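Structural features, examined
Listed below, chain by chain, are the residues.
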Amino acid sequence: MTHAALYILVAALHPLTGDGVLTGPAWTAEGNQNGAWFGASIASAGDVDGDGFSDVIVGAPTYDNGELGEGRAFLYLGSANGLSTTPAWSAESNQVNAELGNSVATAGDVNGDGFSDVIVGAWQYDSDETNEGRVFVYLGKMLFPPVIFSIITRDTDKAN
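**Concerning the side chain of Glu99**
- Relative to the helices and strands, Glu99 resides in the loop between strand E8 (89-92) and strand E9 (100-108).
- With no salt bridge to any partner, buried Glu99 finds its closest opposite charge in Arg72, at an N-O distance of 15 Å.
- Side-chain polar atoms of Glu99 contact the side chain of Trp123, separated by 2.9 Å.
- Ignoring sequence-local partners within four residues, the contact set of Glu99 consists of Pro61, Thr62, Gly69, Glu70, Gly71, Gly121, Ala122, Trp123 and Gln124.

**With respect to unusual backbone geometry**
- Although it is not a glycine, Asn32 sits at a positive phi angle of roughly 55°.
- As for its placement among the helices and strands, Asn32 is situated in the loop between strand E2 (20-30) and strand E3 (41-46).
- By relative accessible area, which is 63% here, Asn32 ends up exposed.
- Positive phi, close to 60°, is recorded for Trp37, a residue that is not glycine.
- Mapped onto the elements, Trp37 comes out in the loop between E2 and E3.

About the criteria used
- Residues numbered from 1 in each chain as written.
- Predicted model: local features only at pLDDT ≥ 70, side-chain atom pairs only at ≥ 80, totals over all residues.
- Heavy atoms only, no water.
- Helix = DSSP H or I, 4+ residues; strand = E, 2+ residues; numbered from the N terminus.
- Buried < 20%, exposed > 50% of the residue type's maximum accessible area, 1.4 Å probe, protein only.
- Lys, Arg positive; Asp, Glu negative; His and termini not counted.
- Salt bridge = Lys/Arg side-chain N within 4 Å of Asp/Glu carboxyl O.
- Polar contact = N/O pair within 3.5 Å; in protein donor to acceptor, adjacent residues only side chain to side chain.
- Contact = heavy atoms within 4.5 Å.

See the structure below:
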């Protein structure tokens, strides 16, 4: 049985020498599903909720939840206490073997609303063609009400 775990290390200045010393992981997360490949992709999500703290997005491209290998992306919010221990949001492809979360990244602020947005790839997504792939852009918003994303999708064969 295997599942992945992520560790974020924080460098601290040694009080006497001023040297950066890794003090151990400041945050960890686990996929809690055998073979999900949790952490196959990980990136800063920017600040999706506008609270002034950076957030992190994690991909698990072979995650199963109704469809085999559909994949999932998880968003962990930052705060003054560090990253949350549970994801505030997640998305799935809802398609067998699409592998959503194979790639994840911040998308900047694509709609100019002041909140960071994220982009997630599903490289084996099927639409008009087999395994043509699809890119999903999720738009960040305030957390009150809880994180709700809008979605913009683009099939690779329809891109300009």
